[in-house]
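Descriptive structure summary
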Amino acid sequence: EVQLVESGGGLVQPGGSLRLSCAATGFTTDDYTVAWFRQAPGKGREGVSCVAGGPNGRQYHTNSVRGRFTISTDNAKNAVYLQMNSLKPEDTAIYYCAAKPVDASGLCALWYEYKNWGKGTQVTVSA
């Protein structure tokens, strides 16, 4: 059974940094494509960053976080990370880790394909 557990959220001032972690069980991060989504109050869930599993390793970041967020995996620990720098109030949201099996396309930003989800961790950016 695929399970994802997020941690590392919290309250941070604008301009600050946070590192989110996602512990994965039931699969290996080398065989799965993983992503981070977020859902702000009153808004729908949006894909933020993703990285394709396997030798491809292609990454994608949505425009609003490109240059500020970095996604990475640690196959030895079966973990996924989201390093968030230069945080803004509009980054406030619940952040979710998600995963899907690696496929031939090598694409990771087909957000509708993700079927395995964690329960989320709250990130609040406020002075």
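Report on the accompanying structure. None of these values were measured; they are calculated from a predicted model. (Residues numbered from 1 in each chain as written. Predicted model: local features only at pLDDT ≥ 70, side-chain atom pairs only at ≥ 80, totals over all residues. Heavy atoms only, no water.)

**Notes on the state of the cysteines**
What counts here: Cysteine sulfur atoms that pair up within 2.5 Å are treated as a disulfide. Counting from the N terminus, the helices are the DSSP runs of H or I reaching at least four residues and the strands are the DSSP runs of E reaching at least two. The buried label applies to any residue whose accessible area, calculated with a 1.4 Å probe on protein chains only, is under 20% of its type's maximum; exposed applies above 50%, and partly exposed to all values in between.
Summed over the entire model, instances satisfying the criterion amount to two disulfides. At a sulfur-sulfur separation of 2.1 Å, the disulfide partner of Cys-50 is Cys-108. With the S-S dihedral at roughly 60 degrees, the linkage between Cys-50 and Cys-108 falls on the right-handed side. Taken as a pair, Cys-50 in strand 5 (residues 45-51) and Cys-108 in the loop between strand 9 (93-101) and strand 10 (116-117) lie far apart in primary sequence, 58 residues in all. Just as Cys-50 is buried, Cys-108 falls in that class too.

**Section: the pattern of salt bridges**
The cut-off we apply is this: In what follows, salt bridge is the name for a side-chain nitrogen of Lys or Arg lying within 4 Å of a carboxyl oxygen of Asp or Glu.
Considering all chains together, one arrives at five salt bridges under this definition. One salt bridge connects Glu-46 with Arg-38, and the closest N-O pair in it is separated by 2.6 Å. The partly exposed category is assigned to Glu-46, whose relative accessible area is 31%. We classify Arg-38 as buried; its relative accessible area is 6%. When the shortest N-O distance is used, the salt bridge between Arg-68 and Asp-91 registers 2.8 Å. You can see Arg-68 sitting in the loop between strand 6 (59-61) and strand 7 (69-74) and its partner Asp-91 sitting in the loop between strand 8 (79-84) and strand 9, a full 23 residues away along the chain. A network of salt bridges, in which partner residues are shared, links Arg-38, Glu-46, Arg-68 and Asp-91.

**Focus: the pairing of strand 8**
Rules: Two strands qualify as a pair provided that DSSP identifies no fewer than 2 bridges between them.
Buried residues dominate strand 8, accounting for five of its six residues. Sheet analysis places strand 3 (residues 18-25) next to strand 8, joined by six bridges and oriented antiparallel. By the bridge assignment for strand 8, Leu-20 is matched with Leu-82. When strand 7 meets strand 8, the two strands line up antiparallel, connected through six bridges. Bridging from a neighbouring strand, Asp-74 pairs with Ala-79 of strand 8. In sequence, strand 7 turns back onto strand 8 through a hairpin of four residues, with Asn-78 there showing a positive phi of about 55 degrees.

Everything listed here is a matter of coordinates, which is why it stays silent on function.
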